[in-house]
Amino acid sequence: MRDTRESRLLLVLLVAIAFALITVDIRGGEQSPLQGARQVAASAFGPVETGVASVVDPVGNAVDAVRDSDGRHSRIAQLERENAALKAKLGSSDRDHVRAGELDKMLKTAGAGQYGIKGAQVIAIGAAQGFSWTVTIDAGAKDGIARDMTVLNGDGLVGRVTTVGKDTATVLLAIDPDFTVGTRMEKTNEIGFANGQGGGPLRVQLLNGKANVKKGDRMVTFGSSEGKPFVPGVPVGTITHVGSANGDLTRTVQVEPFAGFSRLDVVGVVVQPPRENPRDTVLPPKPAKPKPTPTVTVTAKPKPSPSGATRS
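Residues numbered from 1 in each chain as written. Predicted model: local features only at pLDDT ≥ 70, side-chain atom pairs only at ≥ 80, totals over all residues. Heavy atoms only, no water.

## Some remarks on the pattern of salt bridges
All told, the structure shown has seven salt bridges when counted by the stated rule. Between D148 and R160 there is a salt bridge; the shortest N-O distance is 3.1 Å. On the criterion of sequence distance, the pair formed by D148 in the loop between β2 (130-137) and β3 (150-152) and R160 in strand β4 (residues 157-164) is long-range, its members being twelve residues apart. Given the relative accessible area of 17%, R160 is considered buried. Between E186 and R218 there is a salt bridge, with its nearest N and O atoms 3.0 Å apart. With a gap of 32 residues between them, E186 in the loop between β6 (180-185) and β7 (191-195) and R218 in strand β9 (residues 218-221) connect regions that are remote in the sequence. Taking relative accessible area as the criterion, R218 reaches 8% and is therefore assigned buried. (Salt bridge = Lys/Arg side-chain N within 4 Å of Asp/Glu carboxyl O. Helix = DSSP H or I, 4+ residues; strand = E, 2+ residues; numbered from the N terminus. Buried < 20%, exposed > 50% of the residue type's maximum accessible area, 1.4 Å probe, protein only.)

## Some points on the sheet that holds β9
If you trace the six strands once around the closed barrel, you get β6-β7-β8-β11-β10-β9, paired in antiparallel fashion. Each strand axis lies, on average, 40 degrees off the axis of its neighbour in the sheet, ignoring direction. The pairing of β6 with β9 spans three bridges and is classified as antiparallel. Along β9, the bridge assignment pairs M185 with M219. (Pairing = 2+ DSSP bridges. Axes fitted to C-alpha atoms, helices over the stretch in contact; angles between N-to-C directions.)

## Some remarks on the confidence of the model for the protein chain
The predicted structure's coordinates, where accompanied by low pLDDT, should not be read in detail. On average, residues of the protein chain carry a pLDDT of 78, and 62% of them reach 70 or more. Within the model, pLDDT remains below 50 along residues 38-72, and this stretch shows five contacts once partners closer than five positions in the same chain are excluded. (pLDDT = per-residue confidence, 0-100. Contact = heavy atoms within 4.5 Å.)

## Focus: the side chain of Q254
In this structure, Q254 sits in strand β11 (residues 251-257). In terms of polar contacts, Q254 uses its side chain to reach the side chain of Q197, at 3.0 Å. What Q254 contacts, discounting residues up to four positions off in sequence, is Q197, P201, L202, R203, T238, I239, T240 and H241. (Polar contact = N/O pair within 3.5 Å; in protein donor to acceptor, adjacent residues only side chain to side chain.)

## Some thoughts on the packing of aromatic side chains
Each aromatic ring pair is summarised here by two numbers: the centre-to-centre distance and the angle between the ring planes. Taken as a whole and assessed by the stated rule, the structure comprises one aromatic pair. Relative to F230, the ring of F179 has its centre 5.4 Å away and its plane inclined at 70 degrees; by these criteria the two rings are edge-to-face. Of the two residues, F179 is situated in the loop between β5 (169-173) and β6 and F230 in the loop between β9 and β10 (235-242); the sequence distance between them amounts to 51 residues. For the pair formed by F179 and F230, the shared burial category is buried. (Phe/Tyr/Trp six-rings, centres within 6.5 Å; stacked < 30°, edge-to-face > 60°.)

## A few points about the environment of I125
If you trace the backbone, I125 turns up in strand β1 (residues 116-127). Spatially, the C-alpha atoms of I125 and V135 are 4.4 Å apart, while their sequence positions differ by ten residues.

## Focus: the environment of V213
You can see V213 is positioned in the loop between β8 (202-206) and β9. Those residues in contact with V213, other than ones at most four positions away along the chain, are M185, L206, I239, V242, R251 and V253.

## Some points on the pairing of strand β12 (residues 266-272)
Along a regular strand, successive side chains alternate from one face of the sheet to the other. Within β12, five of the seven residues are buried, which leaves it mostly tucked inside the rest of the structure. Here β3 pairs with β12 via two bridges, running antiparallel. Within β12, the position partnered with L152 by the bridge is G268.

## Quick word on the pairing of β6
Within β6, five of the six residues are buried, leaving the element largely enclosed by the surrounding structure. Connecting β6 to the antiparallel partner β7 that follows it, the hairpin turn spans five residues, and K187 within it adopts a positive phi of roughly 70 degrees.

What follows is the structure in structure tokens.
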């Protein structure tokens, strides 16, 4: 084409039209009037682009590899982290098995007492409120948790809810010195009050100073009005020491809690108390005493002498 005035005007007109079409296409997005034309062009020129790409791609990939090297290193690091997490998950199968066992045991305890519970997991130890023996669980107001609800696990009493947030709650443990719960003895129904002693056994004062109790006897929670802060029948612990009866109005015993407070993980918050007091039926059966092994005594008879007489 010759460089004439007409050719210059035609070139300017074509450029203007091209810019106008580009503007209309961008503003239209997926509803662009040029969408159909773009699809036709893609169908027509697609095979050509594929052929060209087969030649250009190795070079382009090399450039991309250099340009995106930081991104590739980040992706590798991410994959390494994911692999490490997967290995940790596979390696924690034993822990998951133990946790599943704890959950199953807790559900059996709740079923025996007819407690409506909300399962939760201990996510922190201690609280910002002070130096109390507390834990934080991953269930809160949105899960139906409220203040002064009983907390238990598969072994027995854990504590009571003291502070409730939207997603978490604080539980005061039964071993805290400020913790008090009414108790009932197994079979004899003797009533008392248990207090925490900061990590050691519970101290229980029985209201009957002449109560006939002994080491190995067990007790459960007495229960509160409308089940708050304590529902009845939750296993508390076993007597390990009985104080002497000196004619006092009360009698003090030391009780080893059923719950292991140093290994708390899965717990249940009682959101619905039982319809009837289960008393001591939630306690597990006592292990059978081992039967004594019978002993057999064999007495050897003296051999007779050759003459038939017995040697003296």
